[in-house]
Amino acid sequence: MLPDTSAKDLTMTFQRHSTRSNASAARRAVAVSLCCLGLLALAGCDKPKEEQKEAAKEAPKEVTLTIESDGDFPYFVPNELAAPTGARVKLTFHHAGEILTQSHNWVLVKPGTMEAVETAGIAAGEANNWLQKDDPNVLAATPLIGKGAHVTFEFIAPAPGDYPFMCTTPGHGEDMHGILHVTEN
Ligand SMILES: [Cu+2]
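Residues numbered from 1 in each chain as written. Predicted model: local features only at pLDDT ≥ 70, side-chain atom pairs only at ≥ 80, totals over all residues.

### Topic: the overall build of the protein
Within the protein, the secondary structure is distributed over 3 helices and 9 strands. Counting from the amino terminus, helix and strand elements in the protein follow one another as α-α-β-β-β-β-β-α-β-β-β-β. Considering the protein as a whole, with its 185 residues, one finds that 21% of them fall into the buried category. Sequence separation of at least 24 residues holds for 69% of the intrachain contacts in the protein that already meet a minimum separation of 6. (Helix = DSSP H or I, 4+ residues; strand = E, 2+ residues; numbered from the N terminus. Buried ≥ 20, exposed ≤ 12 C-beta atoms within 10 Å, placed from the backbone. Contact = placed C-beta atoms within 7 Å.)

### Description of the sheet that holds strand E9 (residues 177–183)
As summarised here, the arrangement of the 5 strands in space is E3-E9-E8-E5-E6, forming an open sheet in which the pairing is mixed. Each of the sheet's edge strands pairs with one partner strand only, and the pair in question is strand E3 (80–84) and strand E6 (138–141). Strand-to-strand twist across the sheet, computed as the mean angle between neighbouring axes with direction ignored, equals 25°. Bridge count between strand E5 (residues 107–109) and strand E8 (residues 161–166): 2 bridges; the pairing is antiparallel. (Pairing = 2+ DSSP bridges. Axes fitted to C-alpha atoms, helices over the stretch in contact; angles between N-to-C directions.)

### A closer look at the nonpolar core
For soluble globular proteins, the rule of thumb is that nonpolar side chains tend to be buried together. Counting residues in each nonpolar core, the largest one holds 24 residues, and the members touching the most others are Val107, Leu108, Phe165 and Leu180. Broken down by secondary-structure element, the contributors of at least two residues to this core are E3, strand E4 (88–94), E5, helix H3 (114–124), E8 and E9. Dropping the residues within four chain positions of it, Val107 is found in contact with Val117, Leu131, Val138, Ala141, Phe165, Met166, Cys167 and Thr168. (Core = buried A, V, L, I, M, F, W, Y, C linked by C-beta atoms within 7 Å.)

### Quick word on unusual backbone geometry
The step from Val77 to Pro78 runs through a cis peptide bond, and the omega angle for that step is -5°. One non-glycine residue with positive phi stands out, namely Asn129, at about 65°. Of note, Asn129 is situated in the loop between H3 and E6. Positive phi outside glycine occurs at Trp130, with the angle close to 55°. With respect to the helices and strands, Trp130 occurs in the loop between H3 and E6.

### Structural notes on the environment of Asp72
Within the secondary structure layout, Asp72 lies in the loop between strand E1 (62–70) and strand E2 (73–77). Spatially, the C-alpha atom of Asp72 lies 8.1 Å from that of Lys147, the residues being 75 residues apart in sequence. Aside from chain neighbours lying at most four places away, what touches Asp72 is Gly97, Glu98, Ile99 and Leu100.

### With respect to H3
Val117, Glu118, Ala120 and Gly121 are the residues of H3 that are buried. Of the surrounding elements, those touching the buried residues of H3 are E5 and E6. With its phi angle positive at about 90°, Gly125 sits one or two positions after the end of H3.

### Topic: the sheet that holds E1
Strand order in the open sheet formed by 4 strands is E2-E1-E4-E7, and the pairing between neighbours is mixed. Every interior strand has two partners, whereas the edge strands, E2 and strand E7 (150–156), have only one. Along the sheet, successive strands turn relative to each other by an average axial angle of 20°, direction set aside. Of the pairings in the sheet, the one linking E4 to E7 comprises 7 bridges and is antiparallel in character. Following the sheet pairing, Phe93 is matched in E7 by Val151.

### Describing the confidence of the model for the protein
Put simply, the protein has an average pLDDT of 81, and 68% of its residues get 70 or more. With pLDDT under 50 throughout, residues 1–45 is counted as low confidence; its partners more than four residues away or in other chains account for 19 contacts. (pLDDT = per-residue confidence, 0-100.)

### Here's the deal with the environment of Trp106
In this fold, Trp106 is placed in the loop between E4 and E5. Residue classification places Trp106 among the buried residues on the basis of 30 C-beta atoms within 10 Å. Counting along the chain gives 35 residues from Trp106 to Ala141, while the straight-line C-alpha distance between them is 5.7 Å. In this view, Trp106 contacts Ile67, Phe93, Thr142, Phe165 and Cys167; residues no more than four positions away in its chain are not counted.

Below, the structure is given as structure tokens:
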């Protein structure tokens, strides 16, 4: 908002110039004053602009990640992924197998819980995607997919840190695992 005093200053400047010299000088004075007004208006906009910039910085980022099985072998390629904390991660997992019928999933777990998740998953059985329902150690998981299939799903990257991901098909976790590095931003 433009303070009242600025409008007064503009009028005074205009009067001073118009009484002292010719009309063109007065027009110049008005032009200069209008220019100053413009600068004032810009200055007034500075703060909201900064705030907008902050908001943009805090807005969740979107990250696209892709990962696949090592052909028919129970390994993830790549076995390391990265995303900034709070990002909306769109992950596509491809079962790149062509021969074997074993299915895979991609399961992100809390650090140090891979064995517990696998054990609970075996108890839950294949019908439950080799995952215990609502397992508190599981942060994100795709369903099981067969050879040649793709699955895409979204999750929000957790707090910064290194999180293991694994396939919970019995016996796969030992080799078929990796790390999601969640960075500060
Ligand atoms: Cu697997």
